[in-house]
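Chain residues, written in single-letter form:
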Amino acid sequence: MPKKGREEARRRIEKLARVLHHHNYRYHVLDDPEISDAEYDVLMRELIGLEGQYPNLRLPDSPTTRVGAPPLEAFGTVRHSVPMLSLENASAEEETTEFDARVKRFLAAEGLEIPRTLQYVAEPKLDGVAVDLVYQHGILVSGSTRGDGVTGEEVTQNLKTVRTIPLRLEGKKTPGLLEVRGEVYLGIADFQKLNRERQRAGEPLFANPRNAAAGSLRQLDSTITASRPLKICCYGVGLVEGAILATQWETLEALKGWGLRVSDRVALCDGIQKTLVYYQDLQSQRDELDYEMDGVVLKVNRFDLQRALGQKTRSPRWALAYKFKPRQATTVVENIVAQVGRTGTLTPVAHLKPVCVGGVKVSRATLHNQDEVEKKDVRIGDTVVVQRAGEVIPEVVSVVQNKRPSNARRFTMPKTCPVCGGAVEREEREVAYRCTNGFSCPAQLKEAIRHFASKSVMDIDGLGEKLVSQMVDVGLVRNVADLYELNPKKVAALERMADKSAHNLLTALEKSKKTSLARFLYGLGIRHVGERVADVLAREVGDLDALMKISEEDLTAIHEIGPVVARYVTVFFKNPENRSLIERLRKCRLTWEAPKKPRRKGPLPLEGKTVVFTGVLSIPRREAKRLAEGLGAKVASSVSRSTYRVIAGEGGGENLRKAEDLGVPIVDEKEFNKWIAKASD
């Protein structure tokens, strides 16, 4: 290959990339194109052709990466350098004004001079998927989801296909390192079009735009993500190196200057009353906009005040999400049907004449239970008001009594299960009616398996709703132990399955065999044993065999375990079928590690002492809190003079500064681990 030709190709590739980045920015961010689509296509085809001839000259931020990359086997994880916190919610004006008063009280208590008018930045709260973008020297190098706030899924390839995300920042003075936070979403019209296409293809429909955006970002094949018109709206930063930002408003302006898309409806408000006017204005425009938003985010504008306010365990003290009122619509109840859940509970569900509620077509709504049906006096044939709030399942709010037809029929809970025909009973002092047939009921079995396979339990990738339904319907699975004895050929023969899909599922099942005792207990589906109770049982009892023998009296002696939970736990483990199931799972080589618990030799090292965690630790904050409590400590969210120690991870925040001011001793995570090790000796 002639050296001159290669050098000319390199220069042309670099120029084409610069020009295409510029036109992408003009079109997708500014909505102000300078050239026609045809002219853009000519430039793009030339770049694709040159990269085909000289693949080694392809730039890491090439505009051609927008089309996607080869499929991944799985997502990796990324630890956020600065945690992505959730926000405290408000649903009424009084809560918002109290937030303002609370901010001022806190600042006054810190001895800070409060401005006469406290400025807030008000921003639309888009209903999408929070992501974190990392730019180094102006080039996008990493992208991840929010995840649990500390660690997210690495979805860089997928985020590169989102055309409103610049692969290279604009401007001459871009930061050496810039960590951008934003919301990826799907417009309402695009969502409706996507669902129409999926319906024609016989694929399951997305419930709402947020689910569609989340599903699009979590595709292992990024060409699928590229085919969906996702957009981003940036709202903040994490780490920044090479730029000084003093306020939220200045940050939004800087993001726009660097070519990042920011909402055109943000406002700088002098005082809380102006934020309330902003809220009312935005709520009145809600139905005119082509994207879902569920409220307004208010942030104290000045970063020095934000740092002084600091954060609580899960949310900053300087920000608030003021939620909109739920969207409502009127429609007709065509039928009321009892739906069977994982624990056998029968829930009355109203089948509705389809109606659009906030851009989403609703045809079903929950009525919760028989008592609720009677309290609201909902009948088949009634005209009702239904509402949808965020991710909450649509519900019937009230009946329009003056529209009730003469032939409206009352609903009564069936005496036999609508799925399996088993007897339905209502226990004393409970509102729920339940099918008594247990896992012999296909509906309960399907829900139990889906729960067992879910991410928060055994995390069996690929075992979705449709596949579980098939397996139960054809008799492949009669309980969760059957999952670990599946015949690969029979799995591959199922609809929409093949040898590779079957192999992937069996690999995921094998991987799930090693878990924790808390996850395993949660997965067993014992009534009233959720994630928190399962964690308490695992920590306090520490051994499954011991738990299977424990008495109700001993269980109720455990903090957080009441008599109802104790009764259901002991009844579950006395049942021969449940014990047999656990034994089968053991034979399938499932193991569940018990949490490490310090052996007590006299007083615990932190007995009666208060500790505070700050910064990013190597383990989830919830796990650190559990370990500290195991050492006898009380874990507080803020530092005071009575705090025994502050345990600091990377990037400690306001609690670290406050500890230094008050003279509270600060230790690192290594010292904390020494306490745990010493208590276990």
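Along each chain, the written sequence defines residue order, and numbers are assigned to residues from 1. For this predicted model, a pLDDT threshold of at least 70 governs which residues receive local features, and a threshold of 80 or more governs which side-chain atom pairs are given and counted, while totals over whole chains, interfaces and linings are taken from all residues. Processing note: side-chain calculations cover all non-hydrogen atoms of the structure and skip hydrogens and water entirely.

J.: Is there a simple way to think about the overall build of the protein chain in this case?
T.: The helix count covers DSSP runs of H or I at least four residues long, the strand count covers runs of E at least two residues long, and both are numbered beginning at the N terminus. Per the secondary structure count, the protein chain includes 24 helices and 24 strands. Restricting the calculation to C-alpha atoms gives the radius of gyration, and the globule rule supplies 2.2 Å times the number of residues raised to the power 0.38. Since a compact globule built from 681 residues should have a radius of gyration of about 26 Å, the 28 Å found for the protein chain is in line with a globular shape. Considering only C-alpha atoms, the protein chain reaches an extent of 80 × 65 × 65 Å along its principal axes. Throughout, exposure labels follow a simple rule: accessible area from a 1.4 Å probe, protein chains only, divided by the maximum for the residue type, with under 20% read as buried, over 50% as exposed, and the rest as partly exposed. A burial count over the protein chain gives 47% of its 681 residues as buried.

J.: How do you make sense of the side chain of Thr345 when you look at a structure like this?
T.: Following the sequence through the fold, Thr345 ends up in strand β13 (residues 345–357). When its relative accessible area of 18% is taken as the criterion, Thr345 is described as buried. Discounting residues that sit within four places of it in the chain, Thr345 has contacts with Gln339, Val340, Ala432, Tyr433 and Arg434. By the convention used here, residues are in contact when the closest approach between their heavy atoms is within 4.5 Å.

J.: Help me understand the packing of helix α3 (residues 93–109) against helix α9 (residues 272–285) in this model?
T.: Contact geometry for α3 and α9: axes closest at 10 Å, N-to-C directions at 150°. Judged by the sense of rotation from one axis to the other, the crossing of α3 with α9 is right-handed. Mapping the contact onto sequence places Glu93, Thr96, Thr97 and Asp100 in α3 and Ile272, Gln273 and Leu276 in α9. When residues are sorted by character, Ala, Val, Leu, Ile, Met, Phe, Trp, Tyr, Cys and Pro go into the nonpolar class, Asp, Glu, Lys and Arg into the charged class, and all the rest, Gly among them, into the polar class. Considered class by class, the residues forming the contact of α3 with α9 number 2 nonpolar, 3 polar and 2 charged. For helices, the fitted axis covers only the stretch in contact; all axes are lines through C-alpha atoms, and the angles between them, taken along N-to-C directions, range from 0 to 180 degrees. It is the rotation of the near helix from the far one that decides the hand of a crossing: anticlockwise by less than a right angle makes it left-handed, clockwise makes it right-handed.

J.: Explain the sheet that holds strand β9 (residues 267–270) to me, please; I cannot follow it from the model alone.
T.: The strands making up a sheet associate through backbone hydrogen bonding, with each pair oriented either parallel or antiparallel. Spatially, 5 strands are ordered β2-β11-β10-β3-β9 in an open sheet, and the strand pairing comes out mixed. Each edge of the open sheet is held by one strand with a lone partner, namely β2 (89–90) and β9. For two strands to count as paired, DSSP must find a minimum of two bridges between them. With 4 bridges joining them, strand β3 (residues 119–126) and β9 adopt antiparallel strand pairing. Within β9, the position partnered with Val121 by the bridge is Leu268. Sitting on the sheet, helix α8 (residues 248–257) is in contact with β3, β9 and β10 (293–300), with an inclination near 50° to β3.

J.: Please clarify how the nonpolar core should be interpreted in this entry.
T.: Soluble globular proteins: nonpolar side chains tend toward being buried together. In plain words, nonpolar cores are sets of buried Ala, Val, Leu, Ile, Met, Phe, Trp, Tyr and Cys residues tied together by side-chain atoms within 4.5 Å. Of all hydrophobic cores here, the largest spans 59 residues; its most connected members are Ile460, Leu463, Met471, Leu483, Tyr484, Leu521 and Phe573. The element that contributes the greatest number of residues to this core is helix α17 (residues 531–541), accounting for 6 residues. Contacts of Leu521, omitting those with residues within four sequence positions, involve Ile526, Ala534, Leu537, Ala538, Leu544, Leu547 and Phe573. Counting residues in hydrophobic clusters, the runner-up holds 35 residues, among them Val155, Leu159, Val162 and Ala213.

J.: Would you take a moment to explain the environment of Leu107 for this structure?
T.: Looking at where Leu107 falls in the secondary structure, it is placed in helix α3. Given the relative accessible area of 0%, Leu107 is considered buried. Between the alpha carbons of Leu107 and Arg364 there is a distance of 48 Å; along the sequence they are 257 residues apart. Ignoring anything within four residues of it in the chain, the contact list for Leu107 reads Leu112, Ile114, Leu305, Ala308 and Leu309.

J.: Can you walk me through the sheet that holds strand β23 (residues 645–648) in this structure?
T.: Spatial strand order, β22-β21-β23-β24: 4 strands in an open sheet with parallel pairing. Looking at which strands have only one partner, the edges of the open sheet turn out to be β22 (634–636) and β24 (666–668). For this sheet, the mean inter-axis angle between neighbouring strands, taken without regard to orientation, is 35°. Pairing of strand β21 (residues 610–614) with β22, which is carried by 3 bridges, proceeds in the parallel orientation. Across the sheet, the residue bridging to Val612 is Ala636, located in β22.

J.: When you look at α8 in this model, what are you seeing that I'm missing?
T.: Working note: α-helix, 3.6 residues per turn, so residues spaced by three or four point in the same direction. Where α8 is concerned, the buried positions are Gln248, Thr251, Leu252, Ala254 and Leu255. What you see down the axis of α8 is that its buried residues fit within an arc of 160°, all on one side. Contacts from the buried residues of α8 go to β3, β7 (177–185), β8 (231–241), β10 and α10 (303–309). The residue sitting at the N-terminus of α8 and contributing the capping side-chain oxygen is Thr247; that oxygen lies 2.9 Å from the backbone nitrogen of Glu250. At the C-terminal side of α8, Gly259 shows a positive phi close to 90°. Note that the arc is defined by the directions from the helix axis to the C-beta atoms. Two N or O atoms form a polar contact when they lie within 3.5 Å of each other; inside protein one atom must be a possible hydrogen donor and the other a possible acceptor, and for residues adjacent in sequence the pair counts only when both atoms belong to side chains.

J.: Whenever I open this one, unusual backbone geometry confuses me. Can you help?
T.: Leaving glycine aside, a negative phi is the common case for residues, and trans is the common case for peptide bonds. The backbone of Asp459 shows a phi angle near 55°, a positive value even though the residue is not glycine. Note on placement: Asp459 falls in the loop between α12 (442–453) and α13 (465–473). Judged by relative accessible area, Asp459 falls into the partly exposed class, the value being 37%. Positive phi values are uncommon outside glycine, yet Arg496 reaches one of about 65°.

J.: In this structure, what is going on with the pattern of salt bridges? I would like to understand it.
T.: Pairing between side chains of opposite charge can happen when the charged atoms of each approach one another. When a carboxyl oxygen of Asp or Glu is within 4 Å of a side-chain nitrogen of Lys or Arg, the pair counts as a salt bridge. Summed over the entire model, instances satisfying the criterion amount to 34 salt bridges. Note that Arg105 is salt-bridged to Glu98, the shortest N-O span being 2.7 Å. According to the relative accessible area criterion, Arg105 is partly exposed, its value standing at 46%. Linking Asp459 and Lys455 is a salt bridge whose minimum nitrogen-to-oxygen distance equals 4.0 Å. When its relative accessible area of 53% is taken as the criterion, Lys455 is described as exposed. Salt bridges linked by common partners bring Asp377, Arg379, Asp382, Arg404 and Arg410 together as one network.

J.: In this structure, what is going on with the packing of α12 against α13? I would like to understand it.
T.: The description of two helices packed together rests on the angle between their axes and the distance between the axes. Direction vectors running N to C along α12 and α13 enclose 135°, while the axes themselves pass 10 Å from each other. Relative to α13, α12 is oriented oblique. Handedness of the α12/α13 crossing: right-handed. The segment α12 lies against α13, with Pro442, Leu445, Lys446, Ile449 and Arg450 engaging Glu465, Val468, Ser469, Val472 and Asp473. A class-by-class count of the residues in the contact of α12 with α13 yields 5 nonpolar, 1 polar and 4 charged. For classification purposes, angles smaller than 35 degrees are called roughly parallel, those larger than 145 roughly antiparallel, those between 65 and 115 roughly perpendicular, and all remaining angles oblique.

J.: Would you mind going over the packing of aromatic side chains with me for this structure?
T.: What characterises a pair of aromatic rings is the spacing of the ring centres plus the angle enclosed by the ring planes. Here a Phe, Tyr or Trp ring, Trp counted by its six-membered ring, pairs with any other such ring whose centre lies within 6.5 Å, and the pair is stacked when the planes are under 30 degrees apart, edge-to-face when over 60, and tilted otherwise. Counted by the stated rule, this structure contains 8 aromatic pairs. When the centroid spacing of 5.4 Å and the interplanar angle of 75° are considered together, the rings of Phe613 and Phe672 count as edge-to-face. Placement of Phe613 in strand β21 and of Phe672 in helix α24 (residues 669–680) is noted, with a sequence separation of 59 residues between them. This pair shows no difference in class: Phe613 is buried, exactly as Phe672 is. One aromatic cluster in this structure is built from Tyr279, Tyr322 and Phe324.

J.: I'm lost on α9 in this one. Help?
T.: Taking 1.5 Å of rise per residue, 14 residues should cover 20 Å, and α9 covers 20 Å from first to last C-alpha, within 8% of that figure. Regarding α9, the residues found buried are Ile272, Thr275, Leu276, Tyr278, Tyr279 and Leu282. Projected down its long axis, α9 carries its buried residues within an arc of 160°, all on one side. Along its buried surface, α9 packs onto α3, β3, β9, β10 and β11 (319–323). The span one expects for a helix is its residue count, reduced by one, times 1.5 Å.

J.: What's the story with the side chain of Thr275 in this structure? I'm lost.
T.: As for its position among the elements, Thr275 is in helix α9. Here Ile272 takes part through its backbone oxygen, which lies 2.5 Å from a polar atom of the side chain of Thr275. In contact with Thr275, not counting residues within four places along its chain, are Tyr120, Cys269 and Leu298.

J.: How do you make sense of the state of the cysteines when you look at a structure like this?
T.: Disulfides are defined as pairs of cysteine sulfur atoms found within 2.5 Å of each other. Throughout the structure, instances matching the rule amount to 0 disulfides. Cys233 provides the cysteine sulfur closest to Cys234, a residue in no disulfide bond, and the two sulfurs are 6.9 Å apart. Note on Cys234: relative accessible area 2%, which makes it buried. As a non-bridged cysteine, Cys435 has Cys420 as the owner of its nearest cysteine sulfur, 3.6 Å distant.

Any functional reading would require information beyond the geometric quantities listed.
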